[in-house]
Amino acid sequence: MMENNHQRGRGFQMPRAAFDAQTSPAAGLVVGSPQEVVDKLLAYHEVYGLDRALIQVGFGGMAQKDVLEAIELLGTEVAPVVRREVAGRTASVA
């Protein structure tokens, strides 16, 4: 089982199967490689028409270097692709 550091001292552990279910392509949590995050955000845009995402980084006791790397990846690899794809989709509809 995975320990959830955000539940410090509360004795809660999430089974791996539950984590995998919540992070699958059809589920709500956005985690994974930059491409997986892009794919999920674009799917949200297509299905729900979402044009904004609020992303929490550093959940679960991530090391600061990992948080900073995730922020950099969001800004350099994820956001530009999502913006370009959404703009292209919106332009082709108009």
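Here, the structure is the one placed above.
To start, this report covers the structure provided alongside it. (Residues numbered from 1 in each chain as written. Predicted model: local features only at pLDDT ≥ 70, side-chain atom pairs only at ≥ 80, totals over all residues. Heavy atoms only, no water.)

## Some points on the nonpolar core
Core analysis: the biggest nonpolar cluster contains eight residues, these being Val37, Val38, Leu41, Leu42, Tyr44, Val78, Val82 and Val86. Within the residue set of this core, elements represented by two or more residues are helix 2 (34-48) and helix 3 (64-93). In terms of residue count, the dominant contributor to this core is helix 2 (five residues). The contact partners of Val37, leaving out residues within four places of it in the chain, are Val30, Val31, Gly32, Leu74 and Val78. (Core = buried A, V, L, I, M, F, W, Y, C linked by side-chain atoms within 4.5 Å. Buried < 20%, exposed > 50% of the residue type's maximum accessible area, 1.4 Å probe, protein only. Helix = DSSP H or I, 4+ residues; strand = E, 2+ residues; numbered from the N terminus. Contact = heavy atoms within 4.5 Å.)

## Quick notes on the pattern of salt bridges
Evaluated as defined, the whole model comprises three salt bridges. Between Arg16 and Asp20 there is a salt bridge, with its nearest N and O atoms 2.9 Å apart. Linking Arg16 with Asp20, this pair stays in helix 1 (residues 16-23), spanning four residues, or about one helical turn. For Asp66, the salt bridge is made with Lys65, and the minimal N-O distance between the two is 3.3 Å. Its relative accessible area of 30% is what places Asp66 among the partly exposed residues. (Salt bridge = Lys/Arg side-chain N within 4 Å of Asp/Glu carboxyl O.)

## Comments concerning the environment of His45
Along the chain, His45 turns up in helix 2. Placed 37 residues apart in sequence, His45 and Val82 show a C-alpha to C-alpha distance of 9.4 Å. Residues within four places of His45 in sequence aside, it is in contact with Leu50, Val86 and Arg89.

## Considering the environment of Pro34
Position of Pro34 relative to the elements: it lies in helix 2. On a C-alpha basis, the gap between Pro34 and Leu73 in space is 6.8 Å, while along the polypeptide they are 39 residues apart. Setting aside its immediate chain neighbours within four residues, Pro34 contacts Leu73, Glu77 and Val78.

## Section: the layout of surface pockets
The computed volume of the second largest pocket comes to approximately 350 Å³. Together, 14 residues line the second largest pocket, and Leu41, Asp51, Arg52, Ala53 and Val82 are the ones closest to its centre. Among the elements of the structure, helix 2 and helix 3 are those that each provide at least two residues to the lining of the second largest pocket. A per-element tally of the lining of the second largest pocket places helix 3 first, with six residues. Its residues assigned to classes, the lining of the second largest pocket comprises ten nonpolar, one polar and three charged. (1 Å grid on protein atoms, 1.4 Å probe; cavity = no way out; pocket = protein on both sides within 12 Å on 5 of 7 lines; lining within 4 Å. Points joined across faces, edges and corners; volume = space filled by probe spheres on them. Nonpolar A, V, L, I, M, F, W, Y, C, P; charged D, E, K, R; others polar.)

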